[in-house]
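Single-letter residue listing:
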Amino acid sequence: MKIEQIYTGCLAQGAYYIESNGEVAIIDPLRETQQYIDKAEKENAKIKYIFETHFHADFVSGHVDLAKKTGAAIIFGPGAKTEYDIHEARDNEEFQLGNVTIKVLHTPGHTLESATFLLIDENGKEHAIFSGDTLFLGDVGRPDLAIKSDLTKEDLAGMLYDSLRNKIMTLSDDVIVYPAHGAGSACGKNLSKETIGVLGEQKQSNYALRADMTKEEFIKEVLDGITPPPQYFAKNAMMNKVGYDTFETILKQGNTPLLPEDFENIANQEGALVLDVRNEKEFVKAHIPNSIFIGIHGGFAPWVGALITDLKQPILLITPEGREKETVTRLSRVGYDNTLGYLQGGIEAWKNAGKDIETITSISAEAFSNQFNNETIHVLDVRKEGEYIAEHLKGNSVQHFALDYINDNMNVIDKDKTYYVHCAGGYRSVIAASILKARGFDKLVDIAGGFAAIKKTSLPTTDFVCPSSL
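The structure contained in this document is the topic of the report that follows. Owing to the predicted nature of the structure, the values given are computational and were not obtained by experimental measurement. Along each chain, residues carry numbers from 1 onward, in the same order as the chain's sequence is written. Whole-chain, interface and lining totals are the exception, using all residues; otherwise, since this is a predicted model, local features are given only for residues with pLDDT of at least 70 and side-chain atom pairs are given and counted only at 80 or more. Side-chain metrics in this entry use all non-hydrogen atoms of the structure; hydrogen atoms and water are not considered.

**Comments concerning the sheet that holds strand 8 (residues 100–106)**
So, point 1. Each pair of strands is called paired provided DSSP finds at least two bridges between the two strands. For helices the rule is a DSSP run of H or I covering at least 4 residues; for strands it is a run of E covering at least 2, with both sets numbered from the N terminus onward. What the six strands build is an open sheet, ordered 7-8-9-10-11-12; its pairing is mixed. Edge positions in the sheet fall to strand 7 (94–97) and strand 12 (197–198), since each has one partner strand and no second.

In structure tokens, the structure reads:
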């Protein structure tokens, strides 16, 4: 028996490859599926099953494409209804994979069809669970993502409590836990940086698995502090339910080099969004007018999903050389399938063609400190709510809203005022500045290095409040 976790840091997502006696099961595959096929062929094995723990909201799974390519059966838990062929498993139904068995445990709560897959080894021992978004290390899945459900989040939280206690906590302490996500995912509040654990440790350390916890206490604690889900979550979940275009089609269209003239014509004719994924320092020095910055080196896909509201939006790319295919791939993972190509030669080719470029003023924290002390200026802090509450600049001129909700806050800032924009380290502030500039806010100054750099100056900040005590 072989188990391999295939972890994707940008999505904080774990897919799983299980092989026994020449037969393979893939759990929660990524959109690009050739990697699983190649792995199976290398081991002279055949992909027999594709197990989906639930309708994922934070990424588009590769289950539909993988099934078409391999003939493998797609297995969902009870209650899953799709527009493509699946095997809707019964609770406790078992599937033979070589010399091992995979047992379906229906664990509703995160979503109604959520299932945990229990792996029973060659000797009949319960070896591991693939818990999807039902159980994470350090947390449990948020209970507010069910598709078109009449149930409340409180109802689903109650179901999750029962699932954990009746289906998972009854298992042996030495059962290995393989979750669908780790730290950085928006599918939970307090996920561990670790991506593989042991159930006994979770029973001791995971707040949601306390033995003396009542259902009412569980519901209150699980729901406490949950922020609204990113806007793309429901859209990705629906794509996973109804199906999508093949990844190869998306990649062929998006990975197309375009000369500056063709790039500009397509942008105008198709109403395409120009998405610049270079480093923020490069973007502020020179970028195409009205382009949006979301750097490929940061939390790229989740930020695209949070900020670009239309999954069908035509997109043209400015990328670092050699990262064009990667960018198209990472966009497709969160359902942005309408990439039309990339600027061949990048921003230098654009300049050489005599096309207009724009810049964003960026100053050091020290320079900002001097201006802050000498002038009445306006500061825009775009960090998350918890970051801002924990510690921020003092002053009546300081304004805050999280980058996540920038599209909802255009009316609370003034185009006639100059804003000095900062985040924690400089990545999000340039995203915010690019979006604001594209919307007609042209009096913007980025504070390089963000709040981390500001704290090293003499500027007054509020007393630090530990996020865990908020």
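**Re the pattern of salt bridges**
So, point 1. Criterion for a salt bridge: a side-chain nitrogen of Lys or Arg within 4 Å of a carboxyl oxygen of Asp or Glu. For the structure on display, the rule yields 26 salt bridges.
So, point 2. Between E248 and K69 there is a salt bridge, and its shortest N-O distance comes to 2.6 Å. In this pair, E248 is assigned in helix 7 (residues 247–254) and K69 in helix 2 (residues 63–70), connecting sequence segments 179 residues apart.
So, point 3. Summary of the burial criterion: residues with accessible area below 20% of their type's maximum are buried, those above 50% are exposed, and those between are partly exposed, where the area comes from a 1.4 Å probe applied to protein chains only. K69 sits in the partly exposed class, given a relative accessible area of 35%.
So, point 4. As a salt-bridge pair, K351 and E348 come within 3.4 Å of each other at their nearest N and O atoms. Here E348 and K351 lie together in helix 12 (residues 346–352), a separation of three residues that amounts to about one turn.
So, point 5. Residue class for K351 comes out partly exposed when judged on its relative accessible area of 35%.

**Looking at the pairing of strand 3 (residues 23–27)**
So, point 1. Of all five residues making up strand 3, four are buried, and the element is well covered by its neighbours.
So, point 2. As defined by bridge partners, strand 2 (residues 13–20) adjoins strand 3 across five bridges and the pair is classed as antiparallel. Bridge pairing in strand 3 places Y17 opposite I26.
So, point 3. Linking strand 2 to strand 3, which pair antiparallel, is a turn of two residues; within it N21 sits at a positive phi near 50°.

**Thoughts on the sheet that holds strand 3**
So, point 1. Ordered in space as 1-2-3-4-5-6, the six strands form an open sheet in which the pairing is mixed. Each of the sheet's edge strands pairs with one partner strand only, and the pair in question is strand 1 (2–8) and strand 6 (87–88).
So, point 2. Relative to strand 2, strand 1 runs antiparallel, the two sharing seven bridges. Directly across from I6, in strand 2, lies its bridge partner A15.
So, point 3. Residue contacts follow a heavy-atom distance rule, with two residues in contact if any of their heavy atoms lie within 4.5 Å. Axes, fitted as lines to C-alpha atoms, cover a helix only where it is in contact. Angles between the N-to-C directions of the axes lie from 0 to 180 degrees. Contacting strand 3, strand 4 (46–51) and strand 5 (73–76), helix 2 runs over the sheet at an angle of about 150° to strand 4.

**A word on helix 5 (residues 215–223)**
In an α-helix there are 3.6 residues to a turn, and that puts residues three or four apart on one side.
So, point 1. Of all the positions in helix 5, only F218, I219, V222 and L223 are classed as buried. End-on, the buried residues of helix 5 take up no more than an arc of 110°, which puts them together on one face. Set apart from the buried face of helix 5 by more than 90 degrees, the exposed residues are E216 and K220.
So, point 2. Of the surrounding elements, those touching the buried residues of helix 5 are helix 3 (153–168).
So, point 3. G225 sits one or two positions beyond helix 5 and adopts a positive phi of about 85°. This arc is built from the directions going out from the helix axis to the C-beta atoms.

**Comments concerning the side chain of T339**
So, point 1. Within the fold, T339 resides in strand 17 (residues 339–343).
So, point 2. Accessibility expressed as a relative area gives 0% for T339, which makes it buried.
So, point 3. What T339 contacts, discounting residues up to four positions off in sequence, is Q253, G254, I315, L317, V328 and L331.

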